[in-house]
Amino acid sequence: MFSDNSLLPKETIRLAALGILSEGPLAYGDLANAVRQFVGRIAGPSLELTGPSIEMLRYEGLVEPLGAEKDPPLTLTDDGRAELHDLLKATVRPPLTDVSKLVIALKMRFLSMLEPQERRDQVDLMIDASELELARLSDLVDTDADDAYFQDWLKHDISMAETRLAWLHAFHNRV
């Protein structure tokens, strides 16, 4: 993790793999495909988002095979569940890059695995990151006012950040 307790890109992939596996056992290839598809749909293809192999998760004792057949389904171990829990509780690093958006998407997908107060804490972290993003964009509008096209683009980004922030506040009340 980074010093601010946010996830490195490889830990984001680890979160995806452990989270998907927490939903039920999967064969190695099916798990790798599910992770690749989810990550690719949210963040697009990226060399930065190549994570440790599933074999590494086995080596670390986070997943284990169910059975002795040739390609047995993998399942989470108790250590794997604990690691998933820790990864879900990591902070979100502003600005909201593709990796940050992927972290948020993964947190939202597996948020139900946390206790109610932990869920609210995670939504609070997302609110904090969105507020910092909004402040950064607003500051940029105030300091770089000469280019009309750039101003239009910034106002568009600010509108999206405000919408995200309003949604997160409403969501916090439902969690």
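Whatever comes next refers back to the structure up there.
In this text the structure is predicted, and so the values were computed from the model without any measurement.

Caption draft 1: The arrangement of the packing of helix α1 (residues 9-22) against helix α4 (residues 78-88) in detail. At a closest axis distance of 9 Å, the pairing of α1 and α4 adopts a crossing angle of 125°. Comparing the axis directions of α1 and α4 gives the class oblique. Once α1 is placed against α4, the crossing between them reads as left-handed. From α1, E11, R14, L15, L18, G19 and S22 reach across to α4, where they touch G80, R81, E83, L84, L87 and L88. Split into classes, the residues belonging to the contact of α1 with α4 amount to five nonpolar, three polar and four charged.

Caption draft 2: Broad picture of a negative patch on the surface. On the surface, a cluster of negative charge is contributed by D121, D124, D128 and E131. Checked against the element boundaries, D128 lands in helix α6 (residues 116-143). By relative accessible area, which is 40% here, D128 ends up partly exposed.

Caption draft 3: Spatial organisation of the pattern of salt bridges. Summed over the entire model, instances satisfying the criterion amount to six salt bridges. Of the charged contacts, one joins R14 and E60 as a salt bridge, the two residues approaching to 2.8 Å between their closest N and O atoms. Taken together, the residues span a long stretch of sequence, with R14 in helix α1 and E60 in the loop between α3 (54-59) and β1 (63-65) at a distance of 46 residues. Of the residues examined, R14 reaches a relative accessible area of 12% and is grouped as buried. When the shortest N-O distance is used, the salt bridge between R58 and E55 registers 3.8 Å. Here R58 pairs with E55, and both are found in helix α3, just three residues apart, close to one helical turn. Overall, E55 belongs to the partly exposed group, its relative accessible area being 40%. Salt bridges here are not isolated pairs; linked through shared partners, they connect R14, E60 and E83.

Cut-offs applied
- Residues numbered from 1 in each chain as written.
- Predicted model: local features only at pLDDT ≥ 70, side-chain atom pairs only at ≥ 80, totals over all residues.
- Heavy atoms only, no water.
- Axes fitted to C-alpha atoms, helices over the stretch in contact; angles between N-to-C directions.
- Helix = DSSP H or I, 4+ residues; strand = E, 2+ residues; numbered from the N terminus.
- Parallel < 35°, antiparallel > 145°, perpendicular 65-115°, else oblique.
- Left-handed = near helix turned anticlockwise from the far one by under 90°.
- Contact = heavy atoms within 4.5 Å.
- Nonpolar A, V, L, I, M, F, W, Y, C, P; charged D, E, K, R; others polar.
- Patch = residues over 30% accessible without salt bridge, like charges linked within 9 Å, V, L, I, M, F, W, Y side chains within 5 Å.
- Areas by Shrake-Rupley, 256 points an atom, 1.4 Å probe, with all protein chains shown as cover.
- Salt bridge = Lys/Arg side-chain N within 4 Å of Asp/Glu carboxyl O.
- Lys, Arg positive; Asp, Glu negative; His and termini not counted.
- Charge placed at Lys NZ, Arg CZ, Asp CG, Glu CD.
- Buried < 20%, exposed > 50% of the residue type's maximum accessible area, 1.4 Å probe, protein only.

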